[in-house]
Amino acid sequence: WYNIIMWLYEVEQSIKQLEEKLPRSAKTVLDVGSEGEKYRNVRQPWNKKLYDYFRDREMKVFTMDLDPQTKPDFVHDITEPVSEFGSYDLVIAAHLLEHIPMESFDTVINNLETLVNIGGFLLVSVPHKYPYHERPIDNMWRPTWEELRDVFKGKLLYGETIEVEHTLPQYMNDPKCQVSCVLLKY
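Everything quoted here is computed from the prediction, not taken from an experiment.

Chemist: Could you give an account of the overall build of the chain, with specific residues and numbers?
Modeler: Along the chain, the regular secondary structure elements total 5 helices and 7 strands. The linear arrangement of helices and strands in the chain, starting from the amino end, is α-β-α-α-β-β-β-α-β-α-β-β. Expressed as a percentage of its 186 residues, the buried residues of the chain come to 55%. For the chain, the share of sequence-separated contacts (at least 6 apart) that also reach a separation of at least 24 residues comes to 75%. Here the chain has roughly 8600 Å² of accessible surface; of this, 51% comes from carbon and sulfur atoms.

Laid out in structure tokens, this is it:
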């Protein structure tokens with residue numbers, strides 16, 4: 001499944017929250033649905049800021065994606081069991097859940113939580129106000145941050161629905177979009 005985008009403001013807010021709440025002892029990150037380095041660094045270069053933040057903190061970043069062409073560390077379908085992939089201090093699922101078939105939704109939530117170390121963190125974002133975008137599917141799940149929090153078992157550290165500007169031409173008739181974000185501790 002594909003991570004469609006993390007917005008500049010979303011990245012900045014994520015970094016701010018991680019700086020405040022993620023302990024310096026956190027050393028591993030798994031970005032689930034991470035797309036590829038070209039996507040992060042060329043098509044959506046503000047995503048690089050998040051990866052630079054991890055590099056500056058000397059955190060080891062691993063990536064997981066369904067598409068082998070994106071060259072992730074782990075080619076894997078998040079709807080399938082994840083026990084062989086270990087656990088991480090921080091797991092990121094940015095703009096992933098709206099691309100999961102609803103019949104696999106609970107499995108994916110469980111899999112994401114399984115990938116988090118005890119005492120670790122889960123950062124999740126999804127669109128709240130955002131047009132349909134099929135890649136590979138769009139289940140049209142558009143929760144508030146409170147609804148997003150409620151599908152997970154972790155302790156809420158941060159939750160917000162933020163407004164972001166859309167830059168893609170096909171959506172310019174509705175450039176104001178909203179994204180719901182939560183940071184949870186396990």
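Chemist: Let's hear about the packing of aromatic side chains: which residues, and what values?
Modeler: Across all of its chains, the model carries 6 aromatic pairs by this definition. Pairing Phe62 with Phe74 gives two aromatic rings, centres 6.1 Å apart and planes at 20°, and the pair type is stacked. Of this pair, Phe62 sits in strand 2 (residues 60–65) while Phe74 sits in strand 3 (residues 74–75), placing them 12 residues apart in sequence. By relative accessible area, which is 21% here, Phe62 ends up partly exposed. Every member of this aromatic cluster is reached through a ring pair, and the members are Phe62, Phe74, Phe85 and Tyr88. We note Lys60 situated over the ring of Phe62; from NZ or CZ to the ring centre the distance is 5.1 Å.

Chemist: I'd like to hear about the pairing of strand 1 (residues 28–32), residue by residue, with values.
Modeler: The buried fraction of strand 1 is high, at 4 of 5 residues. The pairing of strand 1 with strand 2 spans 5 bridges and is parallel. The partner of Val32 across the bridge, within strand 2, is Met64.

Chemist: Outline helix 3 (residues 47–56), listing residues and values.
Modeler: Along helix 3, the residues that are buried comprise Asn47, Leu50, Tyr51, Tyr53 and Phe54. Each buried residue of helix 3 sits inside an arc of 150° when the element is viewed along its axis, so together they form one side. In helix 3, the exposed positions that point more than 90 degrees away from the buried face belong to Arg55 and Asp56. Just past helix 3, the residue Glu58 takes up positive phi, approximately 60°.

Chemist: An account of the nonpolar core is requested, with residue identities and associated values reported.
Modeler: Membership of the largest hydrophobic core comes to 27 residues, with the highest contact counts inside it found for Val32, Ile78, Val91, Leu97, Leu112, Leu115 and Phe152. Among the elements of the structure, strand 1, strand 4 (88–94), helix 4 (105–114), strand 5 (116–129), helix 5 (145–150) and strand 7 (176–185) are those that each provide at least two residues to this core. Counting 25 residues, the second-largest nonpolar core is a separate cluster that includes Ile15, Phe54, Tyr158 and Ile162.

Chemist: Go over the confidence of the model for the chain, please, and point to the residues and values.
Modeler: Mean pLDDT over the chain works out to 87, with 84% of the residues at or above the 70 mark. Considering only residues more than four positions removed or in separate chains, one finds that residues 1–5, a stretch of pLDDT under 50, has 39 contacts.

Chemist: Pulling in residues and values, what's your account of the pattern of salt bridges?
Modeler: By the definition in use, this model includes 9 salt bridges. Taking the shortest distance from any N to any O, the salt bridge between Asp52 and Lys48 comes out at 3.0 Å. Here the residue Asp52 and the residue Lys48 both occupy positions in helix 3, the gap between them amounting to 4 residues, near one helical turn. Arg149 is the salt-bridge partner of Asp150, the closest N and O atoms lying 2.9 Å from each other. The class of Arg149 is partly exposed, set by a relative accessible area of 26%. Among the charged side chains, a network of salt bridges with common partners joins Lys48, Asp52, Arg55 and Asp56.

Chemist: I'd love a proper account of the pairing of strand 2, names of residues and values included.
Modeler: One ladder, built from 2 bridges, connects strand 2 with strand 3; its direction is parallel. Directly across from Met64, in strand 3, lies its bridge partner Phe74.

Cut-offs and rules
Residues numbered from 1 in each chain as written. Predicted model: local features only at pLDDT ≥ 70, side-chain atom pairs only at ≥ 80, totals over all residues. Heavy atoms only, no water. Helix = DSSP H or I, 4+ residues; strand = E, 2+ residues; numbered from the N terminus. Buried < 20%, exposed > 50% of the residue type's maximum accessible area, 1.4 Å probe, protein only. Contact = heavy atoms within 4.5 Å. Areas by Shrake-Rupley, 256 points an atom, 1.4 Å probe, with all protein chains shown as cover. Phe/Tyr/Trp six-rings, centres within 6.5 Å; stacked < 30°, edge-to-face > 60°. Lys NZ or Arg CZ within 6 Å of the ring centre and 35° of its normal. Pairing = 2+ DSSP bridges. Arc of directions from axis to C-beta. Core = buried A, V, L, I, M, F, W, Y, C linked by side-chain atoms within 4.5 Å. pLDDT = per-residue confidence, 0-100. Salt bridge = Lys/Arg side-chain N within 4 Å of Asp/Glu carboxyl O.

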